[in-house]
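Residue-level structural notes
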Amino acid sequence: MNLVGHLTCFVVVAEELHFGRAAERLGIAQPPLSQRIQRLEKELGVRLFDRSSRKVELTAPGRLLLEEAREILVRVDRVYSVAERARLGMVGAVRAGLPSDLGGPIVAALIAAFRERRPDLRLELRETGTAEQISALAEGALDAGIVRHPCDTRDLEIGPMLGQPVGVLLPAHSPLAASAEVHLADLSGQDLAVFPRDEAPGTHDELLATCRRHGYAPPAVHQARHPQFALGLVLAGTAVALVPRTEDAGGATWRPLLGEPLIWRTSCVWRHSRDPDQAGAIADFTTVATAVLRREAAMTPLDTAPTRRVVQRPASGFLA
């Protein structure tokens, strides 16, 4: 049985609820159309339509099948489209930028999820900071990116804003590691390891300003482009690092900051495309990327994120 052909007939009849009009749309005679519907019903073991001399109605099984049939036909059309584009050497791609500290498991999950959603497209990823992504998007060298805010998003589309609380990575032998939470002021006198400013100037400046506002002015700020370099400085006792939640490593311990004063804001951004196919590909990437960031990186939509606590510290007078 030609299942695709039979499902096409079923969908047209379901939309017209009239065999004569459906046959006209399909360009076939009415008797062969009725025979195809009967064969489909026999194959599936259910009656799809209630027929009378006056009207045709979908049965309950027919209503359930309709959306599934439409989805199957869309996928079949996509298969033929992909095959044709591949035959002509026109397989498309989405070029996207990712922060360098996103993490291997998250990158792998993003690639797997995108492959599942759009097996017809290549995903070309570039490890690069927010500032460089914004420039590449403006120049047309990237189609989309995952950036940290604040940043210049003029002329760009922005996806849902996600929040990620930042904590402190300490040497395991630090007295502060025994605390359930650490106040920023408790880090006074210790050097800080943080990503270079040129990667995300807005986030970098906001982080240091928040540290100073909460009583922590690091004597020195070490640029750590890669998380492993920051970890090395922490393990050596040279600095502490302000990073999102991470698994404790041998010799290093992550602790949340009291009051959650630091929250990194992350979202997908992309260039508007007038090409419907490319626009759809970019939309699929941003949908997948947002879902992966929420699931794998525990990022939370900011409009539903827990309200930050404000904690008064009698000893220092600083607000958390």
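Heads up: the structure comes first, above all this text.
The model shown is predicted, which means the values in this text are computed figures rather than measured ones.

About the thresholds
- Residues numbered from 1 in each chain as written.
- Predicted model: local features only at pLDDT ≥ 70, side-chain atom pairs only at ≥ 80, totals over all residues.
- Heavy atoms only, no water.
- Axes fitted to C-alpha atoms, helices over the stretch in contact; angles between N-to-C directions.
- Helix = DSSP H or I, 4+ residues; strand = E, 2+ residues; numbered from the N terminus.
- Parallel < 35°, antiparallel > 145°, perpendicular 65-115°, else oblique.
- Left-handed = near helix turned anticlockwise from the far one by under 90°.
- Contact = heavy atoms within 4.5 Å.
- Nonpolar A, V, L, I, M, F, W, Y, C, P; charged D, E, K, R; others polar.
- Buried < 20%, exposed > 50% of the residue type's maximum accessible area, 1.4 Å probe, protein only.
- Pairing = 2+ DSSP bridges.

So, the packing of helix α5 (residues 104–117) against helix α9 (residues 276–296)
Between α5 and α9, whose axes approach to 9 Å, the crossing angle comes to 140 degrees. Compared by their axis directions, α5 and α9 come out oblique. The way α5 lies across α9 gives a crossing that is right-handed. Across the interface between the two elements, I106, A109, L110, A113, F114 and R117 of α5 pack against A281, D284, F285, T287, V288, A289, V292, L293 and E296 of α9. Considered class by class, the residues forming the contact of α5 with α9 number 11 nonpolar, one polar and three charged.

With respect to the pairing of strand β12 (residues 263–270)
With seven of its eight residues buried, β12 lies for the most part within the structure. Relative to β12, strand β5 (residues 144–149) is paired through six bridges, and the arrangement is antiparallel. Within the sheet, the bridge partner assigned to H149 lies in β12 and is R265. Pairing of strand β6 (residues 157–158) with β12 involves two bridges; the strand directions are antiparallel. Of the residues in β12, the one forming a bridge with E157 is W270. Of the strand pairs in this sheet, strand β7 (residues 162–171) and β12 are connected by four bridges, and their pairing is antiparallel.

A short note on the side chain of D284
With respect to the helices, strands and loops of the structure, D284 is situated in helix α9. Judged by its relative accessible area of 13%, D284 falls in the buried class. Not counting chain neighbours up to four residues away, the residues in contact with D284 comprise F114, R117 and R118.

Quick look at the environment of E116
Mapped onto the fold, E116 is located in helix α5. E116 sits in the exposed class, given a relative accessible area of 68%. A sequence separation of 172 residues divides E116 from V288, and the C-alpha atoms of the two residues are 9.8 Å apart.

Brief notes about unusual backbone geometry
Here the amide bond leading from H149 into P150 is cis, since omega sits at 5 degrees, within 30 degrees of zero. With respect to the element layout, P150 can be found in the loop between β5 and β6. Look at D155: it is not a glycine, yet its phi comes out positive at around 70 degrees. Along the chain, D155 falls in the loop between β5 and β6. D155 sits in the exposed class, given a relative accessible area of 78%.

Keep in mind these numbers describe shape, not what the thing actually does.
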